[in-house]
Amino acid sequence: MAQCLFCQIISREINATIVYEDERVVAFNDINPQGPTHVLIVPRRHIATLNDLSEDDDQMVGELVRRAALLAKSKGFSASGYRTVFNTNRDAGQTVFHIHLHLIGGRSMHWPPG
Ligand code: AMP
Ligand code: ZN
């Protein structure tokens, strides 16, 4: 999608600090980090929200989640803990409509979230 911010990051039209990429998945640092590490893990293919996933996407969603765990391990906080979040639509505060898994780590966090 030409006007999608994350599609533009994936195609390198907009700069971001990319920390991982492969054929299906890209991960880059959040511009407004909520912890010492805050990475967004996205599929290369544009999908607006979790509501738009189909059965064909199950493998890709698994890759997003497992990539978060691998990045947490490489950052050194897999044992101490981390937060992984998909925000969906208005009530969750989704602002970019290209699905992204937030990986936040490096500090202790509270539950429930605000
Ligand atoms: P969400 O509220 O779940 O839709 O999250 C969108 C995230 O994208 C927020 O955490 C923003 O800080 C982040 N963000 C917005 N613009 C950029 C950008 N240009 N590069 C990296 N992250 C961004
Ligand atoms: Zn997109």
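An account of the accompanying structure is given in this report. None of the values given here were measured: they were computed from a predicted structure.

### Looking at the overall build of the chain
So, step 1. For the chain, the count of helices and strands is three helices and five strands.
So, step 2. N-terminal to C-terminal, the α/β element order of the chain is α-β-β-β-α-β-α-β.
So, step 3. Scaling as 2.2 N^0.38, a compact globule of 114 residues should have a C-alpha radius of gyration of about 13 Å, and the chain matches this with 14 Å.
So, step 4. Referenced to the eigenvectors of the C-alpha coordinate spread, the extents of the chain come out at roughly 35 × 30 × 30 Å.
So, step 5. Buried positions account for 37% of the 114 residues belonging to the chain.
So, step 6. Restricting to contacts in the chain with at least 6 residues of sequence separation, those with at least 24 account for 53%.
So, step 7. Working note: accessible area of the chain is about 7,000 Å², and carbon and sulfur atoms make up 50% of it.

### Things to note about the coordination of the zinc ion (ligand 2)
So, step 1. On the protein side, the zinc ion (ligand 2) has C4 (SG), C7 (SG), H46 (ND1) and H98 (ND1) as donor atoms, found 2.0 to 2.3 Å from it.
So, step 2. Of note is the zinc ion (ligand 2), whose four donor atoms meet at the metal with angles of 106 to 116° in an arrangement that counts as tetrahedral.
So, step 3. On the primary sequence, the residues serving as donors to the zinc ion (ligand 2) are separated as C-x2-C-x38-H-x51-H. Of this pair, C7 sits in helix α1 (residues 5-10) while H46 sits in the loop between β3 (37-43) and α2 (58-75), and the two are 39 residues apart along the sequence.
So, step 4. Since its relative accessible area comes to 11%, C7 is described here as buried.

Rules used in this analysis
- Residues numbered from 1 in each chain as written.
- Chains lettered and ligands numbered in written order.
- Predicted model: local features only at pLDDT ≥ 70, side-chain atom pairs only at ≥ 80, totals over all residues.
- Heavy atoms only, no water.
- Helix = DSSP H or I, 4+ residues; strand = E, 2+ residues; numbered from the N terminus.
- Rg over C-alpha atoms; globule rule 2.2 N^0.38 Å.
- Buried < 20%, exposed > 50% of the residue type's maximum accessible area, 1.4 Å probe, protein only.
- Contact = heavy atoms within 4.5 Å.
- Areas by Shrake-Rupley, 256 points an atom, 1.4 Å probe, with all protein chains shown as cover.
- Donors = N, O, S within 2.8 Å, 3.2 Å for Na, K, Ca; no water.
- Tetrahedral: all angles 85-135°; square planar, octahedral: opposite > 155°, others 65-115°.

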